[in-house]
Every structure is written in C-alpha cells, then in structure tokens.
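Examination of the molecular architecture
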Amino acid sequence: MIIGESGSGKTVLIRSMVGLNDIDTGEVLFDGRSFYDLNFSGKKEIRKEIGMLFQGGALFDSKTVEENVVFPLSMFTDLSESEKQDRANFCLQRVHLANANKLYPSELSGGMKKRVAIARAISVQPKYLFCDEPNSGLDPKTAIVIDNLIKEITEEYSITTVVITHDMNSVVENGDNILFIYKGEKWWEGNKEEILRTDNKEVQDFVYATKFMKEIKSKF
Ligand SMILES: Nc1ncnc2c1ncn2[C@@H]1O[C@H](COP(=O)(O)OP(=O)(O)OP(=O)(O)O)[C@@H](O)[C@H]1O
Ligand SMILES: [Mg+2]
C-alpha cells in the first residue's frame, strides 16, 4: 500500500511504475525485468501482465460496461469475439455485476463503477494489479466491499497488488507492506502493526489525523 498526503506524489509514482510516465532516474523492475530498458515489444509484454485501476475510475463513458471490460482484451490478447465475451461475463460476475453489461457508466452508482473498473483491470488475468484510490468517494460500507473484493481477487489469482489509499481503515486492515511518501520521497516503510507503533513524526501526524485513529492509538 502506498500512502501519503495529497500532492505527495503517489499517483506520479504508480504511473511511473506502470510505464505511463517516463522516469528521469532509477529503474522499475518486474520480477527482475527492467521495464524502461526494454524495447517497445518487451514493454508491451509486461503491460499485458498489468491491470490498472485509475484514480476516479476512468471508464470510457461512450462504451457500455461490457465494452469497457472487453477493451483491454482487444488491445492485449488474440482472443476471438466470443472468447472475449465469455471472459468479460466471467469478470463481471466475479465482481457481482452480472446484469449490467449493456449499461453505460452514467447509469451506474460510484460503487458499481469501481466494480466495473476492477472487472476491466482483471480481464487480462494480470500478474500485477495497480489501484489508485479504489475507495475514494464511496460510503464506508461500500469502501469495505471494494477493499475485500480487491483482497479476495489478489489472493485467489496470486496477484501482486499495489494500492494507493487515503483510507486508514484499509491500511491497518490490509497493509502487508506499507510505503509512506512525504513531499515526493520515500519517508517510511513498514507493515500494519509497525505503522501503529512508529515514532516517525510525519507518519504519526498522517495516521492519527482522524478522530477514529486517535481512539485506536489510545488503545496502544
Ligand atoms: N503530469 C504532471 N506534470 C507535472 N507535474 C505533475 C504531473 N502530475 C502530477 N504532477 C505534480 O506532482 C505532484 C504529485 O502529484 P500526484 O498526483 O502524484 O499526487 P498524489 O499523491 O497522487 O495526490 P492525491 O492524493 O491528491 O491524488 C503534484 O505537485 C502535482 O502537481
Ligand atoms: Mg493521486
């Protein structure tokens, strides 16, 4: 999980990791393969293994739910039309959206849009899943549903998942590896137990900014 204040550089980092921003220095390794050193076709091979959930959902408004989910399959696979259809149906069922195929994004609730975005991200059977604030704008209950869905899918298909979030519930619940970014730099790294005990001031200020989290702190 990647956390940090608004504007600290989380989206820039994740976009750099998936190859949407060019990097000035450093390298991005996918199981030892250095993404930015590869040629076009090498990069495309890795892109095929990546599912991405953009901040704000970013569904195609002029495409139906089904067409949104089929889109990466057309781009990255050689599946036939009927195979793509089957895969899209499978993914939509997986996110509990079986009857929404023909709807347009404008006809969906925020939580449904997130689920379509998840179905689209997993359509290519990714090895790596990147999610930029999958919970933003959702009520707490729906936020947990989306969290659990990402967690279940991650475990079920053995995906390496990177989630940017502002949701501290989600961090203390699911943060196996947490990276805290501060003013564009890696500032702290640890897990969900360590983050509640760290004496790093900036991390503490961030974590205990909400009343709910202050109450959790008082228990330690
Ligand atoms: N394409 C870009 N070109 C130049 N600067 C950018 C670009 N995208 C973002 N920035 C700048 O980089 C900094 C980090 O932005 P970023 O979007 O990564 O923040 P963030 O941590 O994702 O914030 P939020 O939590 O609000 O989404 C900001 O100062 C932003 O203005
Ligand atoms: Mg962002």
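Higher on the page you've got the structure.
A few points on the structure. All of these numbers come straight from a predicted model, not from anything done at the bench.

What counts and how
Residues numbered from 1 in each chain as written. Chains lettered and ligands numbered in written order. Predicted model: local features only at pLDDT ≥ 70, side-chain atom pairs only at ≥ 80, totals over all residues. Heavy atoms only, no water. Core = buried A, V, L, I, M, F, W, Y, C linked by side-chain atoms within 4.5 Å. Buried < 20%, exposed > 50% of the residue type's maximum accessible area, 1.4 Å probe, protein only. Helix = DSSP H or I, 4+ residues; strand = E, 2+ residues; numbered from the N terminus. Contact = heavy atoms within 4.5 Å. Near = heavy atom within 4 Å. Polar contact = N/O pair within 3.5 Å; in protein donor to acceptor, adjacent residues only side chain to side chain. Nonpolar A, V, L, I, M, F, W, Y, C, P; charged D, E, K, R; others polar. Patch = residues over 30% accessible without salt bridge, like charges linked within 9 Å, V, L, I, M, F, W, Y side chains within 5 Å. Areas by Shrake-Rupley, 256 points an atom, 1.4 Å probe, with all protein chains shown as cover. Salt bridge = Lys/Arg side-chain N within 4 Å of Asp/Glu carboxyl O.

1. Here's the deal with the nonpolar core
Most often, soluble globular proteins have nonpolar side chains that are buried together. Among the nonpolar cores identified, the biggest contains 43 residues, and Ile118 and Ile195 are the most heavily contacted of them. If one sorts the elements of this core by residue count, helix α5 (residues 110-122) sits on top with six residues. Excluding its chain neighbours within four sequence positions, the residues that come into contact with Ile195 are Ile3, Val171, Ile178, Trp188, Val203, Val207 and Tyr208. Within the second largest apolar cluster, 16 residues are counted, among which are Ile14, Phe30, Ile50 and Val162.

2. Focus: the site of ligand 1
Surrounding ligand 1, one finds Glu5, Ser6, Gly7, Ser8, Gly9, Lys10, Thr11, Val12, Gln55, Glu133 and His166. Within the backbone of Gly7, an N or O atom sits 2.8 Å from an oxygen atom of ligand 1. Contact distances for ligand 1 include 3.3 Å between an oxygen atom and a side-chain N or O atom of Glu133. Class assignment for the residues of the shell around ligand 1 results in one nonpolar, seven polar and three charged.

3. Here we look at a nonpolar patch on the surface
Nonpolar side chains collect at one region of the surface, where Phe60, Phe71 and Met75 lie side by side and expose about 250 Å² of accessible area between them. Tracing the chain through its elements places Phe60 in the loop between β4 (50-53) and α3 (65-76). The exposure class assigned to Phe60 is partly exposed, which follows from its relative accessible area of 31%.

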